[in-house]
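Below are the chains, spelled out letter by letter.
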Amino acid sequence: MSTLELVGLTKKFTGVTAVNDVNLSVGDGEFVCILGPSGCGKSTTLRMIGGFEEATAGDVRIDGKSVVDIPPNHRPTAMVFQKYTLWPHMRVYDNIAFGLRLRHTLKEEIDREVKSSLEMVGLSGYERRYPAQLSGGEQQRVALARALVLKPKILLLDEPFSNLDAQLRVRLREELHAIQRRIQITAIFVTHDQEEALSLADRIAVMSAGHLEQIDIPSRIYAHPRTLFVADFIGVMNIFSTRREGNMLHIGQYAISAPGGLDSTEKINIAVRPEDFLPIEPDQVPNNSFLWQGTIDQSIDLGHYRKVLVVVPGLYPDEATAISHRLKIYTPKASELKEGARIWLYPTRYLVYSDREEPIEVHNQAMKTVNLNELQR
């Protein structure tokens, strides 16, 4: 097992900074996913680790030693690419053996290692097949075996499953996770698929516009996103711009209590996860409570839960915006929430983002949301 450290890693192209001062430490045997949208710099970062891109500034250290001046074929890394990059004229055996032959490995050892790597990825007996005779998933397994046979200190994976269908992606990432745990190799996995990152990673590094926004374990990335970008990118989030008046935060015609420590001059946004809205039936609305009131526009059965889209008049400046920015809530599958029905919603937990570095988490147990129109009657 080995460690990886990125120190001030930067990559500039003509007029563009693709990666800007990225600092990241990866421990022995750790599986880290670099997650972000297209163009955020995640693949460029991975390619600099592997030596396929030259860093403009900063350092890449493996086991404490800089490798920035070492060419990719001599670095203790191996890359699995998005496209399988298998040689079509070579059989599976020769594709996997290619790197070992470049190292002048003995024939007997090559044979032993190739067969071992094929067994590891579940392709024993496929040695004599050509890539064209394999499915996409089988080709990606060969690409993984070709990387693992070199026994790298750091395994690099650049969106390796993005060309596969959904069910195969799930199966292969489960297999990859099992292999990584079994051989205890340090791995860096680049993806734009948040489900992939949440299910694979020990820690997730979220990137945006070349910057590292947050790195943390999956549960904290989801529950406590540090920036508004991470909150919006990871999972599903309802985000509202607010204005502060006194001790209240105003969202359209509604208001909620402002947490302590906010500066009235700060730009403030509120973020609420769909599962943190509590739907209340009309006959269950407590006396003297003013809740967010809306109409169910869509109720979608997603198997193990129900996704409900709600239009809330008064939450946005006009009705057209309310329709286009429907609230998203998750409820149990058995919930009797029908399209066209009125619904009352209670936000039980939300995050308040301002100019401060850390968001403020609010648990809304006994607190009541207030409809300003009702108060004016």
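Scroll up for the structure.
Residues numbered from 1 in each chain as written. Predicted model: local features only at pLDDT ≥ 70, side-chain atom pairs only at ≥ 80, totals over all residues. Heavy atoms only, no water.

Novice: Looking at this model, I keep getting lost on the packing of aromatic side chains. Mind explaining?
Specialist: The way to describe two aromatic rings as a pair is by their centre distance and the angle between their planes. For the structure on display, the rule yields 9 aromatic pairs. Where W87 meets F98, the ring centres are 4.5 Å apart and the plane angle is 45 degrees; that geometry is what we call tilted. Taken together, the positions of W87 in the loop between strand 6 (77-80) and helix 2 (92-102) and F98 in helix 2 put the pair 11 residues apart, joining distant regions of the chain. Looking at W87, the relative accessible area reads 32%, which means it is partly exposed. Considering the side-chain rings of Y305 and Y330, the 4.9 Å spacing of their centres and the 65 degrees angle between planes classify their relative orientation as edge-to-face. Remark: Y330 occurs in strand 18 (residues 327-332) and Y305 occurs in strand 17 (residues 305-311); sequence separation between them is 25 residues. Among the aromatic side chains, those forming a connected cluster through ring pairs are F240, Y254, F277 and W292. Seen from the ring of Y222, R273 lies directly overhead, with NZ or CZ sitting 4.0 Å from the centre. (Phe/Tyr/Trp six-rings, centres within 6.5 Å; stacked < 30°, edge-to-face > 60°. Helix = DSSP H or I, 4+ residues; strand = E, 2+ residues; numbered from the N terminus. Buried < 20%, exposed > 50% of the residue type's maximum accessible area, 1.4 Å probe, protein only. Lys NZ or Arg CZ within 6 Å of the ring centre and 35° of its normal.)

Novice: Is there a simple way to think about the side chain of R349 in this case?
Specialist: Following the sequence through the fold, R349 ends up in strand 20 (residues 349-353). According to the relative accessible area criterion, R349 is buried, its value standing at 12%. There is a polar contact of 2.5 Å between the side chain of R349 and the backbone oxygen of A223. A polar side-chain atom of R349 sits 2.7 Å from a polar atom in the side chain of E361. (Polar contact = N/O pair within 3.5 Å; in protein donor to acceptor, adjacent residues only side chain to side chain.)

Novice: Any chance you could explain the sheet that holds strand 4 (residues 57-62) here in plain terms?
Specialist: Adjacent strands of a sheet pair through backbone hydrogen bonds, lying either parallel or antiparallel. Spatially, 4 strands are ordered 2-1-4-5 in an open sheet, and the strand pairing comes out antiparallel. For this open sheet the edge positions go to strand 2 (16-26) and strand 5 (65-66), each flanked by a neighbour on one side alone. Examined bridge by bridge, strand 1 (residues 4-13) and strand 2 share 7 bridges and lie antiparallel to one another. Looking at the pairing, L9 lines up with V22 of strand 2. (Pairing = 2+ DSSP bridges.)

Novice: Which parts of the structure should I look at to understand helix 4 (residues 136-148)?
Specialist: For the α-helix, the turn length of 3.6 residues means that residues three or four positions removed from each other point alike. The terminal C-alpha atoms of helix 4, which comprises 13 residues, lie 19 Å apart, in line with the 18 Å expected from a rise of 1.5 Å per residue. The buried fraction of helix 4 is high, at 12 of 13 residues. Within helix 4 the residues assigned to the buried category are G137, E138, Q139, Q140, R141, V142, A143, L144, A145, R146, A147 and L148. For helix 4, the secondary structure elements touched by its buried residues are strand 6, helix 2, helix 3 (107-120), strand 7 (154-158) and helix 5 (166-183). (Expected span 1.5 Å × (residues − 1). Contact = heavy atoms within 4.5 Å.)

Novice: So what exactly am I meant to see when it comes to helix 3 here?
Specialist: Its 14 residues give helix 3 an end-to-end C-alpha distance of 20 Å, which sits within 8% of 20 Å, the value for a rise of 1.5 Å per residue. Along helix 3, the positions that sit buried rather than exposed are I110, E113, V114, S117 and L118. Each buried residue of helix 3 lies within a common arc of 135 degrees when the element is viewed along its axis, so the set occupies one face. When the buried face of helix 3 is taken as reference, the exposed residues oriented beyond 90 degrees from it are E108 and E119. Among the structural elements, helix 2 and helix 4 are those in contact with the buried residues of helix 3. Looking at the residues trailing helix 3, positive phi occurs at G122, about 75 degrees. (Arc of directions from axis to C-beta.)

Novice: Explain the pattern of salt bridges to me, please; I cannot follow it from the model alone.
Specialist: In a structure, side chains of opposite charge can pair up when their charged atoms sit close to one another. Per the stated rule, a full pass over the model turns up 18 salt bridges. For E113, the salt bridge goes to K151, with nearest N and O atoms at 3.1 Å. Remark: K151 occurs in the loop between helix 4 and strand 7 and E113 occurs in helix 3; sequence separation between them is 38 residues. Overall, K151 belongs to the exposed group, its relative accessible area being 58%. (Salt bridge = Lys/Arg side-chain N within 4 Å of Asp/Glu carboxyl O.)

Novice: Teacher, can you tell me more about the packing of helix 2 against helix 4 here?
Specialist: Axes are the key here: two packed helices are described by the angle between their axes and the distance separating the axes. Across the interface, helix 2 lies against helix 4 with an axial gap of 8 Å and an inter-helix angle of 30 degrees. The angle between the axes of helix 2 and helix 4 places the two elements in the roughly parallel class. Where helix 2 crosses over helix 4, the handedness of that crossing is right-handed. Residues V92, N95 and I96 of helix 2 pack against V142, A145 and R146 of helix 4. Looking at side-chain class alone, the contact of helix 2 with helix 4 contains 4 nonpolar, 1 polar and 1 charged residues. (Axes fitted to C-alpha atoms, helices over the stretch in contact; angles between N-to-C directions. Parallel < 35°, antiparallel > 145°, perpendicular 65-115°, else oblique. Left-handed = near helix turned anticlockwise from the far one by under 90°. Nonpolar A, V, L, I, M, F, W, Y, C, P; charged D, E, K, R; others polar.)

Novice: Just checking my understanding: could you explain the pairing of strand 1 for this structure?
Specialist: Look at any regular strand and the pattern is simple: side chains alternate between the two faces of the sheet. As defined by bridge partners, strand 1 adjoins strand 4 across 5 bridges and the pair is classed as antiparallel. Bridging from a neighbouring strand, E5 pairs with R61 of strand 4. Counting the residues that bridge the hairpin from strand 1 to strand 2 gives 2 residues, and of these G15 lies at a positive phi of roughly 75 degrees.

Novice: Just checking my understanding: could you explain the nonpolar core for this structure?
Specialist: Side chains that are nonpolar tend, in soluble globular proteins, to be buried together. I96, L144, L155, L157 and F189 are the most contacted members of the largest nonpolar core, which has 46 residues in total. Broken down by element, this core gets its largest block of residues, 6 residues, from helix 4. By size, the runner-up hydrophobic cluster in this structure holds 27 residues, among which are I296, V310, L345 and I360. (Core = buried A, V, L, I, M, F, W, Y, C linked by side-chain atoms within 4.5 Å.)

Novice: Sorry, what's going on with the pairing of strand 20 here?
Specialist: The buried fraction of strand 20 amounts to 5 of the 5 residues, a majority that puts the element mostly inside the structure. Burial along strand 20 is two-sided: the residues R349, L351 and Y353 and Y350 and V352 are all buried. When strand 14 (residues 268-272) meets strand 20, the two strands line up antiparallel, connected through 3 bridges. From the neighbouring strand, N269 faces strand 20, where its bridge partner is Y353. As paired elements, strand 20 and strand 21 (residues 360-363) share 4 bridges and run antiparallel to each other. Pairing of L351 across the sheet is with E361, part of strand 21. The loop that links strand 20 with its antiparallel partner strand 21 comprises 6 residues.

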